[in-house]
Amino acid sequence: MGLLSPEPERPIIGEWNHLEASVGARGMGKSTEQCVRARQLQTEAHGAYVIGHSLGARLPTKPPPGVGGPEYPITYHTSLDKLERGLRRHPGRWHILSPPLAGDGHKVDPTRKPETADDLLHFAMRLSTGIRRKAWETANPFRRWKPNVSYHGIECVPIIVIIDEGIAIDAASTTKKEANKWFLSFIYSIRHLHIAMLYAIQNSNARSWQILEQSTVIKVFAIHHEWALNALRAAGATEEQLEGIKTQGKYKFVPLTALDVKTLEVKSEDKVPE
Ligand SMILES: Nc1ncnc2c1ncn2[C@@H]1O[C@H](COP(=O)(O)OP(=O)(O)OP(=O)(O)O)[C@@H](O)[C@H]1O
Ligand SMILES: [Mg+2]
């Protein structure tokens, strides 16, 4: 694995806590906000590995006019193998898994199942183990690493994971709950894995509520459906916030930091109202 320089002060494992969800209708600026945040977090951490998944390679190429700055250093990969090699060679670039979509004019091998956002998350966990282990060994040169060592107080290059369309995570589906346990343990331990996740979804009902429950901030972009507003009301958003969500234009969002997601789930019955 190509390693970023260990020189500058890095975030401490367990103390870097960012699970940011962007929710809202198509074209409202969710992916744009994800990339703005990825760059901010990468800068704040004095460098971070940035990996992600984007259906159809649809991340913006450069920051929006109000933010400015150079183009994003994005490389799209059609498979995880290629992504891993790319990351090793260019650890400072953003490596995004974007398997070819059949409808996009690509040649798709029907015998090969395209890799999913789930596979990307498994890769992120493996990468996390590798870099935390390295950081631990650097901090404890005379001790032997074991899987259960304590990472308390250890600085480490973090990982930023961009999930451009939350719908692409099969394991976050609201059915098949048993098979999806690994995903829940992933989001519950994301801080300890030293992973920041930037997650976007158009319809928050389509994927596990626990993602929103665990989020450090939910950025609500324009929402058109009354049911979604009701769900947010049930979740404890104030009338002022709801007014903001209803009336805000494109590219604007209301950040919610303390949602009562349990109520949200109950009131919306875990379903997408028609
Ligand atoms: N803050 C902004 N200022 C100017 N243009 C913006 C801003 N945010 C987004 N845009 C433009 O709006 C378009 C849609 O943005 P973006 O792809 O981020 O939306 P999205 O919510 O991710 O949409 P989708 O649900 O289709 O993925 C893009 O062309 C982008 O350049
Ligand atoms: Mg998008």
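The present account deals with the structure reproduced in this document.

The rules behind the values
- Residues take numbers from 1 onward in each chain, read along the sequence in its written order.
- Ligands are numbered from 1 and chains lettered from A, in the order in which they are written.
- Selection of residues for local features in this predicted model requires a pLDDT of at least 70, selection of side-chain atom pairs for listing and counting requires 80 or more, and totals for whole chains, interfaces and linings are taken over all residues.
- We count a residue as near a molecule or strand when its backbone-placed C-beta atom lies within 6 Å of that partner.
- By the convention adopted, Pro, Cys, Tyr, Trp, Phe, Met, Ile, Leu, Val and Ala count as nonpolar, Lys, Arg, Asp and Glu as charged, and the other residues, Gly among them, as polar.
- The exposure label follows from counting other C-beta atoms within 10 Å of a residue's C-beta, where the C-beta atoms are placed from the backbone and the thresholds are 20 or more for buried and 12 or fewer for exposed, leaving partly exposed in between.
- Helix and strand assignments follow DSSP, with helices taken as H or I runs no shorter than four residues and strands as E runs no shorter than two, numbered in order from the N terminus.
- For this analysis, nonpolar core means a set of buried Ala, Val, Leu, Ile, Met, Phe, Trp, Tyr and Cys residues linked through C-beta atoms within 7 Å.
- Contact definition: two residues whose C-beta atoms, as placed from backbone geometry, lie within 7 Å.
- Pairing between two strands requires that DSSP report at least two bridges joining them.
- Angles run from 0 to 180 degrees between N-to-C directions of axes, and those axes are lines fitted to C-alpha atoms, restricted for helices to the stretch in contact.
- Here a helix's expected span is defined as the number of its residues, less one, multiplied by 1.5 Å.

The full set close to ligand 1 counts 14 residues, and Gly29, Lys30, Ser31, Thr32 and Pro64 are the nearest of them. Looking at side-chain class alone, the shell around ligand 1 contains five nonpolar, six polar and three charged residues.

Time to look at unusual backbone geometry. For residues besides glycine, phi is generally negative; the peptide bonds are generally trans as well. Despite not being glycine, alanine 57 has its phi angle at roughly 50°, a positive value. Residue class for alanine 57 comes out partly exposed when judged on the 17 C-beta atoms lying within 10 Å of it. Here the phi dihedral of histidine 194 falls at roughly 65°; this positive angle occurs in a residue that is not glycine. In this structure, histidine 194 sits in the loop between α4 (181–188) and β6 (195–201). Taking the C-beta count within 10 Å as the criterion, histidine 194 has 28 such neighbours and is therefore assigned buried.

As a further point, take the nonpolar core. Grouped together as the largest cluster of nonpolar side chains are 64 residues, with contacts concentrated most on Ile51, Ala124, Ile159, Ile160, Val161, Met197 and Val220. The leading source of residues in this core is helix α3 (residues 117–139), at eight residues. Sequence-distant contacts of isoleucine 160, defined by excluding residues within four places in its chain, comprise Ala38, Leu41, Gln42, Ala48, Val50, Ala196 and Leu198.

The next point concerns the sheet that holds strand β7 (residues 217–220). The eight strands are arranged β3-β4-β2-β5-β6-β1-β7-β8 in an open sheet whose pairing can be described as mixed. Each edge of the open sheet is held by one strand with a lone partner, namely β3 (74–77) and β8 (254–256). Pairwise comparison of adjacent strand axes, ignoring direction, gives a mean angle of 20° for this sheet. In the sheet, β7 pairs with β8 via three bridges, with the strands oriented antiparallel. When the bridges of β8 are listed, valine 220 appears paired with valine 254. Of the strands in this sheet, β2 (49–53), β3 and β4 (94–97) touch helix α2 (residues 80–89), which is tilted by about 180° from β4.

A rise of 1.5 Å per residue sets the reference length of α3, with its 23 residues, at 33 Å; its end C-alpha atoms lie 33 Å apart and thus fit the reference within 8%. Elements in contact with the buried residues of α3: β2, α2, β4, β5 (159–163), α4 and β6.

A few words on the pairing of β7. The sheet contact formed by strand β1 (residues 19–23) and β7 spans four bridges and is parallel. From the neighbouring strand, serine 22 faces β7, where its bridge partner is lysine 219.

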